[in-house]
Amino acid sequence: MAYPIERGRRLRRNEKIRRMVRETVLSLDDLIYPLFVVEGEGIKKEVSSMPDVYQMSIDNIVKECIELERLGLQSIILFGIPNHKDELGSEAYNDNGVIQQAIRAIKQNTGLYIITDVCMCEYTSHGHCGIIKDGDVDNDTTLKYLAMEALSHAKAGADMVAPSDMMDGRVAVIRDILDDNGFEHIPIMSYSVKYASAFYGPFREAAESTPQFGDRRSYQMDPANRREALREARYDLEEGADILMVKPALPYLDIIRDLRETFDLPIAAYNVSGEYSMIMAAVRNGWVDKDRVIMESLTSIKRAGADLILTYFAKEVARILG
Ligand code: PBG
């Protein structure tokens, strides 16, 4: 009788050897935790489509950040939700806006690395990611506002800015304005490959940023496109991006892999709200094992080639790896 010569099972016999040959290991250093800041005091309101995710006022955000640090996490990405929204998203670049105040308060109370989302959709009355002209977002007008927003975040003390608007040329104008104002050391993590995805649904409730008319398909990418992802990433690289992001993550692991193989910059992936909510819904029904599904999903994103993962599961991972 012919026996197998190759026996893959030898290296799977127990947890010790499995750990020794493990190719991908998730670490807390890989994770960036998103937080939603609202105006006011004493507010901690759960997002109904995202269990355990909250909109918080600055006092509670600071408490949360202290807790995150205690858990061993080191980085957050902040989304600001102002009370006042208008056509030009003026709170986005108000040096005393909710996000700017939050950055200062977190800096005073923790050593966390603060990344800010640079976009107009949480700040505009129409919910689009830029300035509207003739019924659509006007690219070149929007650039000026995004640059002002990024500068305002940097002045408030942000460690890194992350433009998520998908306007052409925004990395270049943000790099320019930062450099002109003495912030040449602030990196740009660009949402380079951002698809027009249905998986952002729950986020739009969390960030109160649902477009009031139309959708985002004239600026976010068509989910069917793969080569276009490489072009978008290349534009951002040439404009000065320091980190390239793919978003969403799980339905786009092939794209993460493509970027990993094509570029030598760090790659980030955003494990978005819909990915989170789907898992949490299954968990709440008792249909899947929460900890194992979380670790498997995030490990697969890293295995695909992401160095950094933005995820609402970051605290859970801290608990699991505890
Ligand atoms: C835009 C932005 C969005 C997300 C991050 N930045 C939403 C959008 O483009 O509609 C989505 C993140 C998520 O779904 O978790 N400022």
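If you're wondering where the values come from, they're calculated on a predicted model, not measured in any experiment.

Considering the overall build of the protein chain
Thinking step 1. Looking only at helices and strands, one finds eleven helices and twelve strands in the protein chain.
Thinking step 2. A globule of 322 residues ought to have a C-alpha radius of gyration of about 20 Å, and the protein chain, at 20 Å, matches this closely.
Thinking step 3. By principal-axis analysis of the C-alpha atoms, the protein chain measures approximately 75 × 45 × 40 Å.
Thinking step 4. Counting the 322 residues in the protein chain, one finds 44% classified as buried.
Thinking step 5. Considering only contacts within the protein chain whose residues lie at least 6 apart along the sequence, 73% involve residues at least 24 apart.

Some thoughts on the pairing of strand β2 (residues 44-47)
Thinking step 1. Sheet topology note: the β2/strand β3 (residues 50-57) ladder contains four bridges and is antiparallel. By the bridge assignment, valine 47 is partnered in β3 with methionine 50.

Remarks on the UniProt feature "active site" (unreviewed entry) in the protein chain
Thinking step 1. UniProt annotation of "active site" (unreviewed entry) refers to Lys194 and Lys247 when read in the numbering used here. These annotated residues cover 54 residues of sequence, but their C-alpha atoms sit close together, with the largest distance between any two at 4.9 Å.
Thinking step 2. Within the secondary structure, lysine 194 is located in strand β9 (residues 189-194).
Thinking step 3. Residue lysine 194 is classed as buried on the basis of its 25 C-beta neighbours within 10 Å.
Thinking step 4. When residues no more than four places from it in sequence are discounted, the contact partners of lysine 194 are Ser164, Met166, Gln220, Met221 and Lys247.
Thinking step 5. Within the secondary structure layout, lysine 247 lies in strand β10 (residues 243-247).
Thinking step 6. Here lysine 247 falls in the buried class, since 24 other C-beta atoms lie within 10 Å of it.
Thinking step 7. Apart from the residues lying within four places of it in its own chain, the contact partners of lysine 247 are Tyr191, Val193, Lys194, Tyr195, Tyr270 and Val272.

Some points on the site of the ligand
Thinking step 1. In the vicinity of the ligand, the contacting residues are Asp117, Cys119, Cys121, Ser164, Tyr200, Phe203, Arg204, Arg216, Val272 and Ser273.
Thinking step 2. Across the shell around the ligand, the residue classes tally to five nonpolar, two polar and three charged.

Some remarks on helix α10 (residues 290-304)
Thinking step 1. Taking 1.5 Å per residue as the helical rise, α10 with its 15 residues ought to reach 21 Å, and the 21 Å between its terminal C-alpha atoms agrees with that figure.
Thinking step 2. Regarding α10, the residues found buried are Ile294, Leu298, Ile301, Lys302 and Ala304.
Thinking step 3. On its buried side, α10 packs onto α8 (253-262), β11 (267-271), α9 (273-284), β12 (308-311) and α11 (314-321).
Thinking step 4. Positive backbone phi, at 135°, marks glycine 305, one or two positions downstream of α10.

About the thresholds
- Residues numbered from 1 in each chain as written.
- Predicted model: local features only at pLDDT ≥ 70, side-chain atom pairs only at ≥ 80, totals over all residues.
- Helix = DSSP H or I, 4+ residues; strand = E, 2+ residues; numbered from the N terminus.
- Rg over C-alpha atoms; globule rule 2.2 N^0.38 Å.
- Buried ≥ 20, exposed ≤ 12 C-beta atoms within 10 Å, placed from the backbone.
- Contact = placed C-beta atoms within 7 Å.
- Pairing = 2+ DSSP bridges.
- UniProt positions renumbered as here; feature names shortened; annotations may be inferred.
- Near = placed C-beta within 6 Å.
- Nonpolar A, V, L, I, M, F, W, Y, C, P; charged D, E, K, R; others polar.
- Expected span 1.5 Å × (residues − 1).

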